[in-house]
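Reading the structure
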Amino acid sequence: MTADIRRIRAGQMYRYYFRETVVGGGRRPARTPLRTAQEQAGVPVGRWMGRSLAALGLAPGEEVTEQQLRNLFGERGRHPAAVRIEAERLAAGDSPKEAFKAGALGRRVTVTGVDFVFRPQPTIYLLWVFGDEETRLVIEAAHERVLEWIEDEVAVIRYGKDGIYRVRPPGGLLAARFRHYEDRSGRPLLHDHLLLSVKGQRLEGKWGSVHTLALHENTVAASALYNELVAAEVCEALGLATEPRIVTPGRGGPVMEIAGVPHELIRWTARRSDQIAACLAELEHEYVTAVDDDGELKFLPVVSERARAKMNQIAARKTRPPKRKTQPLAQLRAWWKVSAILTSKVAADVINSLLEHARAAAAAIRARVAAVVDVALAAVDVTATVFVMNDGGRFHRRHLLAEARRHLALVLRGRRRDPGLDEEIVAAAISTHCLDITEPTTTIGLLADYRLYTARWDLADLPPAAAHLLRRPTRTGSPRPIPASRLRSGRRARMRGSGRSRASRSSTSVPSSPVRWCGRRRAPPRPPPCGAGRTTSSPTSRRRCPSNCSHPSRPTPSTTTRSRKPVAETRST
C-alpha cells in the first residue's frame, strides 16, 4: 500500500493538521503566519487541486492560505472565502444570519475532509534524492494524477431519506496538497498529503457531502492506480523500466521497483520498517505463547493476517519517534548523500550516477521483455488471484480493479497503457469468470460497485497451465490446494446455468449459498470445511462458527468438563 487515508474532523483533528501537516510535519511555532512557517521549514506552500475550484472562484495551483483552510476544514465545511463573502453581504444590507448562510456550502458537517497520503516506491524517491533538478521535477509532476480517477469513478454524494440517492459530483472535488520530504526517522520519503474536502455540488447546483465510506473502500484500488501511473510517467520521461521485487517471501505478491537501483539503498531508507518489524516479531511471539489461567493457549499457534495487521499498527505506534525539526531540502539532500555513502555499503560512484545505472538496466529489460497485454489471460489471472486472496472466495468489483492494475504494472514494466485497459480486463473477468451471488437486502446492494461475486470454475475446469493460479501459497511459500468448499462455486455456476428450476436446484445436495451454522441452529452432520470452523484433534476442543457468525459455537462431545477457550481471531480477508 502506498496510499493511506484518514478522516479530518472539525476540532482537535483539524488543529493537528493546522499546526503540523501544513508545515512539513514539524511543530509550527505559535503565532507564526503560515507562509513564514513554511519558508522556515523549507517546504513548498500548499496548492489547490480539483475540478471544483472554478465554482468557488479559485484557480488550479493557487496557494492555500491560512484563512481558506480554517473556513473549509475548521469551520465545518464553509466556503474558502467565507469571510470575504460574509463581509460583502453585510455591507449590502443583509442580516448576519443571511450573510453567514451565504458563506456556507450546504449543511455544516463534523467530518470536513479526508487526508490521502500518497508516496511513491522507494526506488523512485531515491532517484528523486540523488538525481539532478530535471529528474526531481519529472518525479514531482507524476505525483498528482490519481485525483482525477477519484473524482470520476469513486466520489459519490448521498442525499434523500437514508441516502437513497447517489450521484457523482459533476463539478468534481476540491483538495489542498501539501508536500513533505522525509519520514520521522529523518530518511528520505517523498509524499503528499492531499486534504480532500467532502463538499461537492449535486446536479441541481446544491452543495452536498461526499460519502467517505466509498473513499475508504477504494483506497486499495487508488493505491494500485497511483503506483502504476507514477511508475509509467517516470519511466517514460527518464527512459527507465521496472522489475518485480519480493518484499516478504511467502506473503503477498511482488512490488514493482525501478530496475538498476541497488537493494542496499532500499534497505538504507527502511529504518522505520526495521524498527516496526523488530517490534512486530516480539508481539507475535507474545501472541502465540499467551496462556490463560488454566495454562492453555489463548489463541491458535499461527498468527492470522488480520491479527498481524492489528499488531503492525501497534508496533508502528510503539516505535514512533517524535517529529524532528524540519530543514531546507538542499541541506537534507546533502546530508542524505553523505549518510548513504557511509552507511548503505553502496559505492559513491554508483550513488552519484544512479540514473545512468537505472537506464542501463532498463535497456537490458526492454531488449528481452515484450510488453504484450492479453485481456483474456489477464482476466483469468486477476480473477484467480482475487478469488484466492479474499475470504471465502467472495469479492467486489473494486478488488478486481486493483488486481488488474497490479497485473498491468507487472506486464508493462513501466510503459504507458491505453486508457481504460484496466476496466476492459475487469469487464472480461466479470462476464467470463465471475458469478454474481448478490442477495441485496438494501438499495445499495443493487449498485454495480457493491455487487458480490465469486469465481465460476473449479480446478478441474482449468487447463494445466492455468491451474497453478488457484493454489494458495503457504507461509513457507510452497503451493497448497484450495479447500473443496471454495470450489463449490463452479458447481453452483453450472447448476444455475443449466436452466433448472429453483425447486430442482433445492433438491440437490449442493447448497446454492454458503451454509451458516452456530449453536442456535441445527449443526451439520460434520464440521464445516471452512478454516474458521475447523476442529482440532484435542478431545477438549470446541467447534467454532465461521467468521460471519456472531453466535457462540456448539461444543463437541467431550469426556472432560474443561475445554479450550474459543479463539479470538478469525481468518483474514
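This structure is a prediction, so every number in the text was calculated from the model and none was measured.

**Side note on helix α2 (residues 34–41)**
Turn by turn, an α-helix covers 3.6 residues, leaving residues three or four places apart pointing in a common direction. Restricting attention to buried positions, one finds in α2 the residues L34, A37, Q38 and A41. End-on, the buried residues of α2 take up no more than an arc of 100°, which puts them together on one face. Along α2, exposed side chains directed more than 90 degrees from the buried face belong to E39 and Q40. Contacts from the buried residues of α2 go to α3 (66–74) and β6 (175–182).

**With respect to the environment of A30**
Along the polypeptide, A30 turns up in the loop between α1 (12–19) and α2. Placed 11 residues apart in sequence, A30 and R19 show a C-alpha to C-alpha distance of 8.7 Å.

**Some remarks on helix α17 (residues 375–389)**
The end-to-end C-alpha separation of α17 is 21 Å, in line with the 21 Å expected for 15 residues at 1.5 Å each. Every buried residue belonging to α17 is among V375, A378, A379, V380, V382, T383, A384, V386, F387 and V388, and all of these are buried. Its side-chain oxygen placed 3.0 Å from the backbone nitrogen of A376, D374 serves as the N-cap of α17.

**Section: the environment of A370**
Following the sequence through the fold, A370 ends up in the loop between α16 (354–368) and α17. Put simply, A370 and L412 are 42 residues apart on the chain and 8.0 Å apart in space, counted from C-alpha to C-alpha.

**Things to note about the nonpolar core**
Ranked by internal contacts, the top residues of the largest apolar core, which has 81 residues, are W128, F130, L196, L240 and L265. No other element matches the 10 residues that helix α10 (residues 219–238) contributes to this core. In this structure L196 touches F73, T112, G113, V114, F116, L147, I150, L173, L174, A175 and L215, once residues within four positions along its chain are discounted. Formed by 22 residues, the second largest nonpolar core is a distinct cluster that contains F18, V22, V23 and V64.

**Observations regarding the sheet that holds strand β3 (residues 111–118)**
Reading across the sheet, the five strands line up as β1-β3-β7-β6-β2 and stay open at both edges, with antiparallel pairing between neighbours. The open sheet has two edge strands, β1 (3–9) and β2 (47–49), and neither has a second partner. For this sheet the average axis-to-axis angle between neighbouring strands, irrespective of direction, equals 30°. Note: β1 against β3, seven bridges, orientation antiparallel. Across the sheet, the residue bridging to R9 is V111, located in β3. Those strands touched by α3 are β1, β2, β3, β6 and β7 (188–197), and its axis lies near 65° from that of β7.

**Let's talk about the environment of Q327**
Relative to the helices and strands, Q327 resides in the loop between α13 (305–318) and α14 (329–343). Under the relative-accessibility criterion, Q327 is labelled partly exposed at 29%.

**A closer look at the packing of α17 against helix α19 (residues 421–433)**
Here α17 crosses α19 at 70°, and the two axes come no closer than 8 Å. With respect to their mutual orientation, α17 and α19 come out roughly perpendicular. Contacts between α17 and α19 pair V375, A376, A378, A379, V380, V382 and T383 from the former with L421, E424, I425, A428, A429 and H433 from the latter.

**Considerations on the confidence of the model for the chain**
In the predicted model, the chain carries a mean pLDDT of 78, and the fraction of residues at 70 or more is 78%. Here residues 469–573 is modelled with pLDDT under 50, and outside its nearest four sequence neighbours on either side it reaches 172 contacts, counting other chains as well.

Scoring rules and cut-offs
- Residues numbered from 1 in each chain as written.
- Predicted model: local features only at pLDDT ≥ 70, side-chain atom pairs only at ≥ 80, totals over all residues.
- Heavy atoms only, no water.
- Buried < 20%, exposed > 50% of the residue type's maximum accessible area, 1.4 Å probe, protein only.
- Helix = DSSP H or I, 4+ residues; strand = E, 2+ residues; numbered from the N terminus.
- Arc of directions from axis to C-beta.
- Contact = heavy atoms within 4.5 Å.
- Expected span 1.5 Å × (residues − 1).
- Polar contact = N/O pair within 3.5 Å; in protein donor to acceptor, adjacent residues only side chain to side chain.
- Core = buried A, V, L, I, M, F, W, Y, C linked by side-chain atoms within 4.5 Å.
- Pairing = 2+ DSSP bridges.
- Axes fitted to C-alpha atoms, helices over the stretch in contact; angles between N-to-C directions.
- Parallel < 35°, antiparallel > 145°, perpendicular 65-115°, else oblique.
- pLDDT = per-residue confidence, 0-100.

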